[in-house]
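Analysis of the macromolecular model
These are the residues of each chain, in order.
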Amino acid sequence: MYMAIKLNDRYISSFVSPSELESVKSQVSAAHGLLHGRSGQGSDFLGWLDLPENYDKNEFARIKSAAEKIKKDSDILIVIGIGGSYLGARAAIEFLRSSNYNELAKDTPRIYYAGNNISPSYLNEILSLCEGKDISVNVISKSGTTTEPALAFRIFKELMESKYGADAAKRIYCTTDKSKGTLKKLADQQGYETFVVPDDVGGRFSVLTAVGLIPIAAAGCDLDAIMAGAGEARNALATDNLETNDCYKYAAYRSILNRKNKAVEMLVSYEPRFTMMAEWYKQLFGESEGKDQKGLFPASAVFSTDLHSLGQFIQDGSRVMFETVVDIKNPDKDYFIKKSPDNFDGLNFLSEQNMSAINRKALEGTILAHTDGGTPNLVLELPAVNEHEFGYMVYFFEKACAISAYMLGVNPFDQPGVESYKKNMFALLGKPGFEAEKAALEKKL
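The structure presented is a predicted model; accordingly, all values stated were derived computationally and were not measured.

**Focus: the overall build of the protein chain**
Helix and strand counts for the protein chain come out as 18 helices and twelve strands. The C-alpha atoms of the protein chain give 23 Å as radius of gyration, which agrees with the globular expectation for 445 residues (22 Å, within 12%). A burial count over the protein chain gives 51% of its 445 residues as buried. For the protein chain, the exposed surface amounts to about 20100 Å²; the carbon and sulfur share of it is 51%. Placing the 50 positive and 58 negative side-chain charges of the protein chain at their respective mean positions leaves the two points 3 Å apart.

As structure tokens, this is what we get:
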């Protein structure tokens, strides 16, 4: 029997009183009404809300088929995308398989990511890894003109055509708009298989669409279990009752702590495989909440590693943050510590037990130390690492994000600030139509 992510709020009691939680219930209900009544800002982008039940079953089957082909004919899959077009897939693969996925992959292709930066060094490294290997490419872009992925696809398209000739088209998979845009037009001309970026699902909410599912399936993950977990979350988290809905209670605590001048949320895990999940969380909450001079700053850490770098600040530094600890109750693998005959390192007090038990004491000891030091701690208890729990967790965070943003009074589903850097970059690169902006910017440099 599967369980689900749960909120443990016992360590927050000295920072947030029951009356404070009671006082925001009406605001949570109002946010719930905006979301489910589809009457709030950004309501055109609520396709993710019912996605676990209302996804395109025919396309879902094509995704599985494409993934099987990639697994059979490719040593390497290049995933081209930026932001939500690659973060969710990478987070899923490293969480469900391993942060060392490429080194451990046997019956599935190694997966490398391009188009998420403009570094020539990084690009050349990826190209060198492809030498002598059979390759497939999954390019993910709604428009096909976003600079970073478009530039990378230009390069890999040339590589594929040079290597495979006319057969290159059979190895290029495009996830893009269903009917328009530069990439869709090219795909139709060249005969690339296409998958849809839904019009009503924004990039950072799109991991459970073809945007994320093609690479996830190619890595050997069970898509049916992922969607089942998300579907269970959709049903379980459909009420605004804080007594039963831990997702909404988490959003409520975030709102209260924000008002108490806790400006930073530090998402913490004790498993390196969660690192990219934290990167996905940072985009999800950062782009959704960071508007109108509002919002919590999303940060992350992996303990115990970062206790040896950030630990001092968290314990004794300025009281600007709270921690949300993701507690993975049961690791998929464990390691038994044997007793050393000569106890050369003085660590025999740690022997005759599993390493997970030691990791748990590190978690418990750190939570107690940080709360004693004045840093509030929320704990999200994740029962295990598997596809079902992943799907549930993704939906949990997506819904908590939407409720949090509506409580904050901002549109969860746009990102107007992202356009500022793009305009400046286009101007400085000399894109036609930006001549006046280029001249003005060059005076400032």
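**So, the pattern of salt bridges**
One side chain can pair with another of opposite charge once the charged atoms of both are near each other. Within the structure shown, the criterion is met by 31 salt bridges. Taking the shortest distance from any N to any O, the salt bridge between Asp-73 and Lys-69 comes out at 2.7 Å. On the criterion of helical spacing, the pair formed by Asp-73 and Lys-69 is a turn pair, its members being four residues apart in helix H4 (residues 57-73). Accessibility expressed as a relative area gives 32% for Lys-69, which makes it partly exposed. Of the charged contacts, one joins Asp-327 and Lys-329 as a salt bridge, the two residues approaching to 3.1 Å between their closest N and O atoms.

**Description of the side chain of Arg-204**
Locating Arg-204 in the fold gives a position in the loop between strand S6 (193-196) and helix H10 (210-218). For Arg-204, a relative accessible area of 4% corresponds to the buried category. Reaching out from Arg-204, the side chain makes a polar contact with the side chain of Gln-415 at a distance of 2.5 Å.

Conventions used here
Each chain carries its own residue numbering, running from 1 in the written order of its sequence. For a predicted model such as this one, the threshold for reporting local features is a pLDDT of at least 70, and the threshold for listing and counting side-chain atom pairs is 80 or more; totals across whole chains, interfaces and linings nevertheless cover every residue. Side-chain numbers come from the whole structure's heavy atoms, not from hydrogens or water. Secondary structure elements follow DSSP: runs of H or I of four or more residues count as helices, runs of E of two or more count as strands, with numbering from the N terminus. In this description the radius of gyration comes from C-alpha coordinates, and the expected globular size is given by 2.2 Å times residues to the power 0.38. Each residue's exposure class comes from its accessible area (1.4 Å probe, protein chains only) as a fraction of the maximum for that residue type: buried when under 20%, exposed when over 50%, partly exposed otherwise. Areas reported as accessible are Shrake-Rupley estimates using a 1.4 Å probe. Residue values count occlusion only from the protein chains shown. Two residue types count as positive, namely Lys and Arg, and two as negative, namely Asp and Glu; His and chain ends fall outside the count. For charged residues, the charge sits on one atom: NZ in Lys, CZ in Arg, CG in Asp, CD in Glu. Only one rule defines a salt bridge in this text: a Lys or Arg side-chain nitrogen within 4 Å of an Asp or Glu carboxyl oxygen. Polar contacts, as used here, are pairs of N or O atoms within 3.5 Å; protein pairs need one atom able to donate a hydrogen and one able to accept it. Residues neighboring in sequence count only if both atoms are side-chain atoms.

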